[in-house]
Amino acid sequence: MTQTHSPSSQVRHGVSTPIVIVGHVDHGKSTLIGRLLYDTDSLPDGRLVQIVESSRKRGLAVEWSFLLDSLQIERDQGVTVDSTRIPFQLDGRDFVIVDAPGHRQFLRNMITGAADAEAAVLVVDAAEGVREQTRRHAMLLRLIGINHVIVLLNKADSIGFDEARLKQVEGDIRQLLGRLEINVNQVIPASARDGDNIATRSEKADWYRGPTLLEALSLIQPPASRHALPFRMPVQDVYRFEGIRYVAGRIERGTVREGDRLEIGGQGQEATVAEVCRWHAPHHPVAGAGESIALRLEPDLVPDRGDLLFPAGDEAAAPLKAARLRTRLFWLRGEPLRVGESFRLRLATAEHDVTVASIDAVVDLDDLSLSPADEVPPDGFAEITLAVARNILFDPFAPGMPDGRGVLVDRHQKIVGGAPLIGPAALPEGAKAIHPTASGVSDAVRAGLRGHGRAVFWMTGLPGAGKSTIARHAEEALSREGLHVTVLDGDTVRSGLCSDLGFSPEDRRENIRRVAHVARILVDAGQIVLVALVSPLIRDRAMAKAIIGEDWHEVFVDTAPELCRRRDPKGLYAQAEEGRIAEFTGVSSAYEAPEKPDVVVPGDGDVARSVRHLTDAVHKVVR
């Protein structure tokens, strides 16, 4: 491996300063970026002519937003649909614009695209002022820890640069960001389209004494402070060249030099840095934050991907260690988040299986207050506690730093939430220290081994509707095809797992809760699960659905009440009508039929036809 010199000046000034630009979809963010590139002479050759021609064909003045539109469909929709990184220079200094989409369905891109930004420009329409999306973007800036914010009151020409109105909007913005503990560095009235207060001071706002946008950007401090912090390098990979092992990774903060003693976090072992190595460059024994390097260690230890390297023998310089994590969350999934759900937490190069132990508070976007809640709504912000099976190493999230920037990923490898780690979470008084473990076998591997997907079919219907009979016949038919099927029926469960429960509404609900958790364990193992349970109340089935998650499929066994009474296979209807059984569903207790079941199975007595309905539904889901 070849090595290189890395002078300190390169460490300080060779790294571009990332700036995220956010704003409502109609507030002129893309126009601003195009104008910035023009005013800093950062346009590629021929692009200005292209913009002018594209604008002329559409009967428009110069439309700077066309710079960002790489696809014709984006121009036609008038929406920028991806997160883009665009370099430019200002006074000889390198910047990178992170163009984060402003509309809700693309906020996921913003979480990943803006995570390393040093500063932000929040674009607000001067005439419209603060809107819901502005509050969401403000929360996101807090979430990803940006502490240098410039507010651009764009389209100020639409209100004639009216000082009183602009001061009112500025006050609203400062109040909003102040409540989120975000420091506002400048508020600039501007017109990105015409260039007012972008590169040159506007004559239309002679009352304004602050900087232009380019002057404000030049005041942003370069990312140099990370070098003075304790060393951190998450392990990316381990390579072997000519019999020598090298540990590769990117230095997140601090510096490392040959001779330093490091601890390998996951292993608790110590080693000495024998060499600091780089690719295709001369040797230099020191490396700093932002550099991607390889280290040769003595003794020749083998860290795992995701292990964290940090200074050995210095407790003050060590990361935190905890198995319960206080987390600030922005929830991206279309379904609410509930306690008990499990995910992968991505933290730098590490991945950890985590479970939502508690939802501690949810943000009300109308007034930004925190209040208790049972779930986090889609696009919601919250403070939650994550539980891990064993202690993990991390540095708590801090504004402007890479520390603790977690992301939650579901079993399909889809990002479902931004999750900065705030610190260790204390165990509530009287609570048990339970840390669930997750399987390392992926869904794809299980499906490959079994030859089918997984699902839970929750069969509900009146007593005597035929649920268990249909489920058992379907189990036989599907098993003959080689499918892995398990049936959980009410009486079987109550004879063992739930033998301590009666039939009060509270006990029925607990019975359903337990069965749902068993079904969740089975489906996580790749099984097809048929649950045959009266489960008469909509709210109780909703609880079961929340526990099982996206593998849930509701099956209504539709049998007429009169037929159920005539069948009365266990003699229960007769006993209930004689008053010998209290709170019997269908007699003295109500049954709430599903409003929109995923599958309707007729329970009219033709068992073979009913079984075909169910097995056909199973095939559609798991094949």
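Read on for an overview of the structure.

**Things to note about the overall build of the protein**
Alright, step 1. Along the protein, the regular secondary structure elements total 16 helices and 28 strands.
Alright, step 2. Counting the 623 residues in the protein, one finds 51% classified as buried.
Alright, step 3. Within the protein, counting contacts between residues at least 6 apart in sequence, those at least 24 apart form 72% of the total.
Alright, step 4. Here the protein displays about 28100 Å² of accessible surface, and carbon together with sulfur accounts for 49% of that area.

**As for the packing of helix H12 (residues 505-524) against helix H13 (residues 538-548)**
Alright, step 1. Viewed as axis vectors pointing N to C, H12 and H13 meet at an angle of 25°, and their least axial separation amounts to 9 Å. Considering their axes alone, H12 and H13 lie roughly parallel with respect to each other. Our pair here, H12 against H13, has a crossing hand that is right-handed. On the side of H12, the interface is formed by Arg509, Ile512, Arg513, Ala516, His517, Ala519 and Arg520, while H13 contributes Arg539, Asp540, Met543, Ala544, Ile547 and Ile548.
Alright, step 2. Residue composition of the contact of H12 with H13, by class: seven nonpolar, one polar and five charged.

**A short note on H12**
Alright, step 1. Taking 1.5 Å of rise per residue, the 20 residues of H12 would be expected to cover 28 Å, and the 29 Å separating its terminal C-alpha atoms lies within 8% of that figure.
Alright, step 2. Restricting attention to buried positions, one finds in H12 the residues Arg508, Glu510, Asn511, Ile512, Arg514, Val515, Ala516, Ala519, Arg520 and Val523.
Alright, step 3. Taken together, the buried residues of H12 touch strand S17 (342-347), strand S24 (455-460), strand S25 (485-489), helix H11 (490-494), strand S26 (528-532) and H13.
Alright, step 4. Phi turns positive one or two residues past the end of H12, at Gly526, with a value near 95°.

**What about the sheet that holds strand S28 (residues 599-602)?**
Alright, step 1. With parallel pairing, five strands are arranged side by side in an open sheet as S25-S26-S24-S27-S28. Of all the strands in the sheet, the pair left with one neighbour each is S25 and S28. Direction aside, neighbouring strands of the sheet carry axes that sit 20° apart on average.
Alright, step 2. Both S24 and strand S27 (residues 552-558) contribute to a ladder of five bridges, which runs parallel. What sits directly across from Val456, in S27, is Trp552.
Alright, step 3. On top of the sheet, H12 reaches S24, S25 and S26; it is set at about 150° to S24, its chief contact.
Alright, step 4. Helix H16 (residues 607-622) rests against S24, S26, S27 and S28 of the sheet, and its axis sits at about 160° to S28.

**Regarding unusual backbone geometry**
Alright, step 1. Between Glu298 and the following residue, Pro299, the backbone shows a cis peptide bond with an omega angle of 0°.
Alright, step 2. Turning to its location among the elements, Pro299 is positioned in the loop between strand S13 (292-298) and strand S14 (308-311).
Alright, step 3. Positioned with a positive phi, Asn197 is a non-glycine residue whose angle comes to about 60°.
Alright, step 4. As for its position among the elements, Asn197 is in the loop between strand S6 (184-189) and helix H8 (213-218).
Alright, step 5. Looking at Asn197, the relative accessible area reads 0%, which means it is buried.
Alright, step 6. Phi at Gln413 is positive, roughly 65°, even though this residue is not glycine.
Alright, step 7. Within the element layout of this structure, Gln413 appears in the loop between strand S22 (405-409) and strand S23 (415-424).

**Brief notes about the sheet that holds strand S7 (residues 233-241)**
Alright, step 1. On the basis of which strands lie adjacent, the closed barrel formed by six strands has the order S7-S8-S13-S11-S10-S14 and antiparallel pairing. The average angle at which neighbouring strand axes cross in this sheet is 50°, direction not considered.
Alright, step 2. Pairing between S7 and strand S8 (residues 244-250): six bridges, direction antiparallel. Bridge pairing in S8 places Val238 opposite Val247.

**Details of the packing of helix H6 (residues 132-143) against helix H7 (residues 163-179)**
Alright, step 1. Relative orientation of the contacting elements H6 and H7 amounts to 40°, with a least axis distance of 10 Å. Considering the angle they form, H6 stands oblique to H7. As H6 runs across H7, the sense of the crossing is right-handed. Facing H6, whose interface residues are Thr134, Arg135 and Ala138, H7 presents Ile173, Leu176 and Leu177.

Analysis parameters
Residues numbered from 1 in each chain as written. Predicted model: local features only at pLDDT ≥ 70, side-chain atom pairs only at ≥ 80, totals over all residues. Heavy atoms only, no water. Helix = DSSP H or I, 4+ residues; strand = E, 2+ residues; numbered from the N terminus. Buried < 20%, exposed > 50% of the residue type's maximum accessible area, 1.4 Å probe, protein only. Contact = heavy atoms within 4.5 Å. Areas by Shrake-Rupley, 256 points an atom, 1.4 Å probe, with all protein chains shown as cover. Axes fitted to C-alpha atoms, helices over the stretch in contact; angles between N-to-C directions. Parallel < 35°, antiparallel > 145°, perpendicular 65-115°, else oblique. Left-handed = near helix turned anticlockwise from the far one by under 90°. Nonpolar A, V, L, I, M, F, W, Y, C, P; charged D, E, K, R; others polar. Expected span 1.5 Å × (residues − 1). Pairing = 2+ DSSP bridges.

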